[in-house]
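Architecture and fold: a report
Here's the letter readout for the chains.
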Amino acid sequence: MKEEEIRPRDVFDEYLRLAALDADLYFAHTVRQNFLCPACGEQGAHSFDKHGFSYQECPACHTLFVSPRPPAEAFYRYYQESDSARFFATTFYKETAEPRREKLWRPKAQLINQMLRKHGADRHTLLDIGGGYGIFAEEYQRLYGNKVTIIEPGPELAHACRQKGLTVIEDFLEKVQPEQLPIGPRAFVSFELFEHLHDPRVFLKHLSALMQSGDMFLFTTLSGTGIDIQLLWEESKSISLQHLNFLNPESVCPLIEGMGLQVVDVRTPGKLDMDILYNNRARIKDRFWRSLLARSTEQQRAEWQDFIVGQNLSSHMSVVCKCP
Ligand SMILES: [Zn+2]
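Please read these numbers as outputs of a predicted model, since none were measured by experiment. (Residues numbered from 1 in each chain as written. Predicted model: local features only at pLDDT ≥ 70, side-chain atom pairs only at ≥ 80, totals over all residues. Heavy atoms only, no water.)

1. Side note on the sheet that holds strand 7 (residues 186–191)
For clarity, the threshold we go by: DSSP bridges decide pairing: two strands pair if at least two such bridges lie between them. Elements are defined by DSSP. Helices are runs of H or I of four residues or more, strands are runs of E of two residues or more, and each kind is numbered from the N terminus. To obtain an axis, a line is fitted to C-alpha atoms, over the contacting stretch when the element is a helix, and the angle between two such axes runs from 0 to 180 degrees between their N-to-C directions.
Strand order in this open sheet of seven strands is 6-5-4-7-8-11-10, and the pairing throughout is mixed. A strand with exactly one partner marks an edge of an open sheet, and here the two such strands are strand 6 (167–169) and strand 10 (262–267). Strand-to-strand twist in this sheet, taken as the mean axis angle between neighbours without regard to direction, amounts to 20°. Pairing between strand 7 and strand 8 (residues 216–222): five bridges, direction parallel.

2. Digging into the coordination of the zinc ion
Stated formally: Here the term donor refers to an N, O or S atom within 2.8 Å of the metal (or 3.2 Å for Na, K and Ca), and because water is left out of the atoms, sites may appear incomplete. Tetrahedral means four donors with every angle between 85 and 135 degrees, whereas square planar (four donors) and octahedral (six donors) require angles over 155 degrees between opposite donors and between 65 and 115 for all others; sites fitting neither are termed irregular. Buried means the residue's accessible area, taken with a 1.4 Å probe over protein chains only, is under 20% of the maximum for its type, while exposed means over 50%, and partly exposed covers the values in between.
The protein atoms that coordinate the zinc ion are C37 (SG), C40 (SG), C58 (SG) and C61 (SG), at distances of 2.2 to 2.4 Å. In this structure, the zinc ion is surrounded by four donor atoms whose angles at the metal cover 102 to 121°, and the resulting shape is tetrahedral. Counting along the primary sequence, the residues that act as donors to the zinc ion give the motif C-x2-C-x17-C-x2-C. Taken together, the residues span a long stretch of sequence, with C40 in the loop between helix 2 (9–27) and strand 1 (45–50) and C61 in the loop between strand 2 (53–57) and strand 3 (64–66) at a distance of 21 residues. The class of C40 is partly exposed, set by a relative accessible area of 38%.

3. Overview of the environment of E179
Residue placement: E179 occurs in the loop between strand 6 and strand 7. You can call E179 exposed: its relative accessible area is 66%. Residues E179 and S238, spaced 59 residues apart in sequence, show a C-alpha to C-alpha distance of 36 Å.

4. Some remarks on the pairing of strand 1
As paired strands, strand 1 and strand 2 are joined by five bridges and run antiparallel to one another. Opposite H46, over in strand 2, you have Q56 as the bridge partner. Turn length for the strand 1-strand 2 hairpin, with the two strands adjacent in sequence and antiparallel, is two residues, and the turn residue H51 shows positive phi of about 50°.

5. Quick notes on the side chain of Q242
In plain terms, the rule: Any pair of residues with heavy atoms lying within 4.5 Å of one another is described as a contacting pair.
The topology assignment puts Q242 in the loop between helix 8 (227–232) and strand 9 (245–246). Among all residues touching Q242, those that are not within four sequence positions of it are Y15, A19, Y78, Y79, E195 and H196.

6. Here's the deal with the side chain of T221
For clarity, the threshold we go by: Polar contacts, as counted here, are pairs of nitrogen or oxygen atoms within 3.5 Å of one another; within protein the pair requires one atom able to donate a hydrogen and one able to accept it, and residues that are adjacent in sequence qualify only if both atoms are side-chain atoms.
Inspection of the secondary structure assignment puts T221 in strand 8. The exposure class assigned to T221 is buried, which follows from its relative accessible area of 1%. Side-chain polar atoms of T221 contact the side chain of E195, separated by 2.7 Å. Those residues within four positions of T221 in sequence are excluded, and the remaining contacts are E192, F194, E195, S315, H316 and M317.

7. Quick notes on the nonpolar core
The condition that has to hold: Residues belong to one nonpolar core when they are buried, are Ala, Val, Leu, Ile, Met, Phe, Trp, Tyr or Cys, and are joined through side-chain atoms within 4.5 Å.
Residues L116 and F136 are the most contacted members of the largest nonpolar core, which totals 43 residues. Once residues lying within four places of it in the same chain are set aside, the contact partners of L116 are A121, D122, L126, Y140, A187, M216 and L218. Counting residues in hydrophobic clusters, the runner-up holds 35 residues, among them L127, L181, F194 and M211.

Shown next, in the form of structure tokens:
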């Protein structure tokens, strides 16, 4: 898979431009508070500043995170009202909907079904937290017939999902009440949401209280120890506005288990690391990788990608948890 197919450069760059303006508008004048490592609670060490945010790395578990942090309300307003959130909801999602459906969401629906089946949970009702434009939900319902409910706070996105006939809870998960959820066994899923959470502990605590014994939670997020993030570091486009938490396969387990959930599978099944590195090779400081990428063939990059995935070193991480 190529980065360009699911994230066309001009559309993505326009989103980044608007996001930088919103960073100023929504966050520049907020009072920020020191934030301890979202995974293990250690005090982080400053690594770099970018787009008006300061990034720290945890000396104990290597989680990369934003600290100090603006208050949760600033993020709630940003996601519900800002131009860049609206651009993402309308232009970005719309323009990339069909290639993403085929390249991203359909394989994801298949993968999620396989994982659920492996854990005897493939008849569970799905809840997609931060369900966005609803394409995963559409694909999953079409392929497997399970009902998928969307939890989505963005008004444009929630509206788009309702227009597709999907059931929507229009709110942040942290504000959802148990009586709003469908009854029976449930599998919560969230894709590329965890990195945005103002406080992963608050999110997990709330989610864990909503879950019943046997319910599942499957999510994907960015791993900060993934190769493209490690090599590009502050130059990485993944390290951009509103990505506040970059956990990793080691640091995510104690966090989840501390919240009363059981981690049953962690891996990094990414497909894009080598393509992202190749496209950004001029920004890489490491001589070995810059040279290797410049000389590499597509076939070699594909082989490296497989190796990276096997070593849990991709920046795309998936985690499967169960409520005991
Ligand atoms: Zn830590």
